[in-house]
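Here is how the chains run, residue by residue.
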Amino acid sequence: MIQDELLKALANVKTLNEIEQIRIQYLGRKGIITNLAKETDFSKLSPEEKKNFGQKLNQLKNFATDQIQETLNRLTAQNTATPQVHRLIDLTVSGSACSLGALHPISMVQMELEEIFEGMGFTVLDSPEAETEFNNFESINIPSDHPARDMQDTFWLKNDMVLRTHTSSNQVRALKRFGAPFRGIFPGRCFRYESIDPSHENTFYQCEGLMVDRDISVANLIGVMKTLLSEVFKRDVKVRLRPGFFPFVEPGFELDLNCLFCGGSGCPTCGDGWIELIPCGLTHPKVLEFGGINPNEFSGFAFGLGLTRLAMMKYGIRDIRYFNSGDVRFYEQFAPII
Ligand code: DAH
């Protein structure tokens, strides 16, 4: 009997390979059971006999398949349970270290800023890197013949588009879309046609901020900036404003931070005790008008934080070129320690 022979053969197997050999011997293309059908001359059988034969053959096939599968299961279970037969997992092999990914320092600073500003009720907006000339210049009071355009060496694209030279390019878009009152920040990548050295990059990150409401004054600007810097540097900070010129703010300021290294007495990092950190000012009435906001009813302030610069200060990074270097040794230093 084929069944008995099969059971006998299966009872003695010790390896998975032996089971496979038996499977081929019985159920393979030229196997014993497969051949039964091939060797039978069906023309000599009555319809009743054909039907009978087919049923028997199927039963036999199913029997063989089940027995083989059962033996397979039994052997696999034994192999995992009894180490002498065959160990599938060797728990004694020593592990190999896997390197953890790290967030880019700019991402970390950006995420921290977003959290701080969200806490003050600001919305975080994404904005395009390829901008219209209008949004990047005209709409924030920098007309084509304005000398301020020289301050920004621009990568020009086709059809009056530019790679944005600053995140101020999103001010009027945001105002048009959300109206007043408005509080938002726009972090993102900016581009300028500059030669690269330890403190200059052609690709860098800024975070623009804009707040428009009734009766906004310099006091609001200073309040928000101080809160921001105290949270970033985890201590109380002193700031001062100096006059600065930017066409989209009036008055415009440079906000300086009292040096955190020397406490204001003067050191190699700051020179005279102050570090120039955030250009800012009260939003120019023309910008509000371009945004569809009545400057007699609303006023605002804006600031342009250099994210790259902030990251350099926060982490003591002395060369700006590391940021875009793609050098894993640099990024790895920011991996979490576990
Ligand atoms: N957009 C300016 C730049 O890239 C920075 C700036 C200055 C932004 C003053 C402001 C501002 O919002 O009020 O140089």
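Just so we're clear, the structure is a prediction, and the values are computed from it rather than from any experiment.

Enquirer: Just checking my understanding: could you explain the overall build of the chain for this structure?
Expert: When its secondary structure is counted, the chain shows 11 helices and nine strands. In terms of overall dimensions, the chain is more spread out than a globule: its C-alpha atoms have a radius of gyration of 37 Å, far above the 20 Å expected for 338 residues. Based on the C-alpha atoms only, the size of the chain along its principal axes is roughly 105 × 50 × 40 Å. With 338 residues in all, the chain has 39% of them scored as buried. Intrachain contacts of the chain at a sequence separation of at least 6 include 65% that bridge at least 24 residues. Roughly 19300 Å² of accessible area belongs to the chain as shown, and the carbon and sulfur atoms make up 52% of that amount. In the chain, which carries 35 positive and 42 negative side-chain charges, the distance between the mean positions of the two groups comes to 9 Å.

Enquirer: Would you mind going over the domain arrangement of the chain with me for this structure?
Expert: Reports of interface size often rely on the accessible area that becomes lost once the parts have come together. Under the domain assignment, the chain is made up of domain 1 (2–77) and domain 2 (105–332). One C-alpha centre belongs to domain 1, the other to domain 2; they are set 78 Å apart.

Enquirer: Could you clarify how one ought to interpret the site of the ligand in this entry?
Expert: Close to the ligand lie 16 residues; His166, Ser168, Arg192, Gln206 and Glu208 are nearest. Contacts to the ligand include glutamine 206, whose side-chain N or O atom sits 2.9 Å from an oxygen atom. Glutamate 208 is positioned with one of its side-chain polar atoms (N or O) 2.6 Å from an oxygen atom of the ligand. Bound to the protein, the ligand loses 93% of the 350 Å² it would expose on its own. Contributions of two or more residues to the shell around the ligand are made by strand S5 (203–213), strand S8 (274–283) and strand S9 (299–306). When grouped by side-chain class, the residues that make up the shell around the ligand number seven nonpolar, seven polar and two charged.

Enquirer: Sorry, what's going on with the environment of leucine 57 here?
Expert: With respect to the secondary-structure elements, leucine 57 resides in helix H4 (residues 47–81). For leucine 57, a relative accessible area of 12% puts it in the buried group. Distance from leucine 57 to isoleucine 33, taken between C-alpha atoms, is 7.7 Å for residues 24 residues apart in sequence. Among residues more than four places away in sequence, those in contact with leucine 57 are Ile33, Leu36 and Ala37.

Enquirer: It is not clear to me how the pattern of salt bridges should be interpreted in this structure. Could you clarify?
Expert: Pairing is possible between side chains of opposite charge, provided their charged atoms come close. As enumerated under the stated definition, the model contains 14 salt bridges in all. Its salt-bridge partner being arginine 23, residue glutamate 20 comes within 3.0 Å of it at the nearest N-O pair. Taken together, the residues span about one helical turn, with glutamate 20 and arginine 23 both in helix H2 (residues 16–27) at a distance of three residues. Overall, the relative accessible area of 33% leaves arginine 23 in the partly exposed class. Where aspartate 319 meets arginine 321, a salt bridge forms, and the shortest distance between an N and an O atom there is 2.8 Å. Look at arginine 321 and you get partly exposed, because its relative accessible area is 38%.

Enquirer: Looking at this structure, how should I read the nonpolar core?
Expert: Across soluble globular proteins, nonpolar side chains show a tendency to be buried alongside one another. Core analysis: the biggest nonpolar cluster contains 45 residues, and Leu113, Phe117, Leu228, Leu229, Ile278 and Phe303 have the highest contact counts within it. Elements with a contribution of two residues or more to this core: helix H5 (105–119), S5, helix H8 (218–233), strand S7 (249–258), S8, S9, helix H10 (307–315) and helix H11 (328–332). Counting 21 residues, the second-largest nonpolar core is a separate cluster that includes Leu125, Leu175, Phe186 and Val287.

Enquirer: Quick question: what am I supposed to make of unusual backbone geometry here?
Expert: Note: most peptide bonds trans; most residues except glycine with negative phi. Look at the link from alanine 180 to proline 181: it is a cis peptide, with omega at -5°. As for its position among the elements, proline 181 is in the loop between helix H7 (171–178) and strand S4 (182–191). The linkage connecting glutamate 250 with the following residue, proline 251, adopts the cis geometry, with an omega of 0°. Secondary-structure assignment places proline 251 in strand S7. Positive phi, close to 55°, is recorded for aspartate 160, a residue that is not glycine. Secondary-structure assignment places aspartate 160 in the loop between helix H6 (133–136) and strand S3 (161–163). The exposure class of aspartate 160 is exposed, given its relative accessible area of 53%.

Enquirer: It is not clear to me how the sheet that holds strand S6 (residues 239–243) should be interpreted in this structure. Could you clarify?
Expert: Two modes of strand pairing occur in sheets, parallel and antiparallel, and in both the strands are linked by backbone hydrogen bonds. Pairing is mixed in the open sheet, where seven strands are placed in the order S1-S4-S5-S9-S8-S7-S6. Either end of the sheet is taken by a strand with one partner, and the two such strands are strand S1 (123–124) and S6. Note that S8 and S9 share three bridges and pair antiparallel. Bridging from a neighbouring strand, leucine 282 pairs with phenylalanine 301 of S9. Across the sheet, H7 is in contact with S4, S5 and S9; its angle to S4 comes to roughly 145°. Those strands touched by H10 are S4, S5, S7, S8 and S9, and its axis lies near 55° from that of S9.

Enquirer: Help me understand the pairing of S4 in this model?
Expert: Sheet faces and side chains relate simply in a regular strand, where the side chains alternate between the two faces. Within S4, eight of the 10 residues are buried, which leaves it mostly tucked inside the rest of the structure. Here S1 pairs with S4 via two bridges, running parallel. Bridge pairing links threonine 123 to glycine 184 in S4. Taken together, the 10 bridges between S4 and S5 define a ladder with antiparallel strand orientation. Bridge pairing links proline 187 to cysteine 207 in S5.

Basis of the calculations
- Residues numbered from 1 in each chain as written.
- Predicted model: local features only at pLDDT ≥ 70, side-chain atom pairs only at ≥ 80, totals over all residues.
- Heavy atoms only, no water.
- Helix = DSSP H or I, 4+ residues; strand = E, 2+ residues; numbered from the N terminus.
- Rg over C-alpha atoms; globule rule 2.2 N^0.38 Å.
- Buried < 20%, exposed > 50% of the residue type's maximum accessible area, 1.4 Å probe, protein only.
- Contact = heavy atoms within 4.5 Å.
- Areas by Shrake-Rupley, 256 points an atom, 1.4 Å probe, with all protein chains shown as cover.
- Lys, Arg positive; Asp, Glu negative; His and termini not counted.
- Charge placed at Lys NZ, Arg CZ, Asp CG, Glu CD.
- Domains from an automatic or database assignment.
- Near = heavy atom within 4 Å.
- Polar contact = N/O pair within 3.5 Å; in protein donor to acceptor, adjacent residues only side chain to side chain.
- Nonpolar A, V, L, I, M, F, W, Y, C, P; charged D, E, K, R; others polar.
- Salt bridge = Lys/Arg side-chain N within 4 Å of Asp/Glu carboxyl O.
- Core = buried A, V, L, I, M, F, W, Y, C linked by side-chain atoms within 4.5 Å.
- Pairing = 2+ DSSP bridges.
- Axes fitted to C-alpha atoms, helices over the stretch in contact; angles between N-to-C directions.

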